[in-house]
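Breakdown of the fold
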Amino acid sequence: DGNEGYALVIAIETTSETPPIVIGCGILGYVSDNEPSDKMLLKATMGVYPNYMPGLTVSGSVTVAYRDDGTFKFSYDLEGVEPACADGSCGVHIHAGTSCANHTDVEGHGWNSDAVQDLWTEEGGAVYVADDKGNAKGFFNLYNGFSFGKNLGHAVVVHASNGTRIGCGVLEAFV
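Note that the structure is predicted; figures quoted are calculated from it, not measured.

1. A few points about the pairing of strand β8 (residues 155-159)
- When you tally the buried positions in β8, you get 5 out of 5 residues, the bulk of the element.
- By the alternation rule, side chains of β8 split into Ala155, Val157 and His159 and Val156 and Val158, which are all buried.
- With 3 bridges connecting them, strand β6 (residues 92-94) and β8 associate as antiparallel partners. Pairing of Val92 across the sheet is with Val158, part of β8.
- Sheet topology places β8 next to strand β9 (residues 165-170); 5 bridges connect them, and they run antiparallel. Looking at the pairing, Ala155 lines up with Val170 of β9.

2. Concerning the packing of aromatic side chains
- Taken as a whole and assessed by the stated rule, the structure comprises 4 aromatic pairs.
- Centre to centre, the rings of Tyr66 and Phe148 are 5.8 Å apart; their planes meet at 80°, and the pair counts as edge-to-face. In this pair, Tyr66 sits in strand β4 (residues 59-66) while Phe148 sits in helix α2 (residues 148-151), placing the two residues 82 residues apart along the sequence.
- Measuring from centroid to centroid gives 4.7 Å for Phe74 and Phe140, while their planes differ by 15°, and the two rings are stacked. Pair noted here: Phe74 is in strand β5 (residues 72-79) and Phe140 is in strand β7 (residues 136-142), with a separation of 66 residues, a long-range link.
- An aromatic cluster is defined as three or more aromatic residues linked by ring pairs; in this entry it consists of Tyr66, Phe72 and Phe148.
- The ring of Phe139 has Lys73 sitting right over it, with the charged end atom 4.4 Å from the ring centre.

Calculation criteria
- Residues numbered from 1 in each chain as written.
- Predicted model: local features only at pLDDT ≥ 70, side-chain atom pairs only at ≥ 80, totals over all residues.
- Heavy atoms only, no water.
- Buried < 20%, exposed > 50% of the residue type's maximum accessible area, 1.4 Å probe, protein only.
- Helix = DSSP H or I, 4+ residues; strand = E, 2+ residues; numbered from the N terminus.
- Pairing = 2+ DSSP bridges.
- Phe/Tyr/Trp six-rings, centres within 6.5 Å; stacked < 30°, edge-to-face > 60°.
- Lys NZ or Arg CZ within 6 Å of the ring centre and 35° of its normal.

And the structure:
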């Protein structure tokens, strides 16, 4: 009822002399069960980033569970990350590359620039919180403009608070 079927536009106000910049849009609908599907799962087994040497030994997993509307629940269960990172500065993101074999193959953040802005940021909520032993477990919800199939086979990168890439894994279909 009410607003179902209407468009929702998200925009950033610039100045009074220029129009707002549209950063997202969608159609409002009723969702009775917004839980991710257990049939559309991607999972990455995380390891140390290629040629990373300073001392953190990242391990664990990332699971991406898709909803019918294309949004997903991005869950992480990590060990060996930067201890006590709780200020929103430690990121974990899907990248454009499809391998963790070397730095070049990982590439930068992966998102569909025709559909959304890069939300793999602190402002977009793509961060993890770690305890004082370097363990991080949690989730966030996101939409990067790509479907299950377009994210399949892409690298996931764990960042330290200074942006250093410390962990990497590749998303595979998970049943």
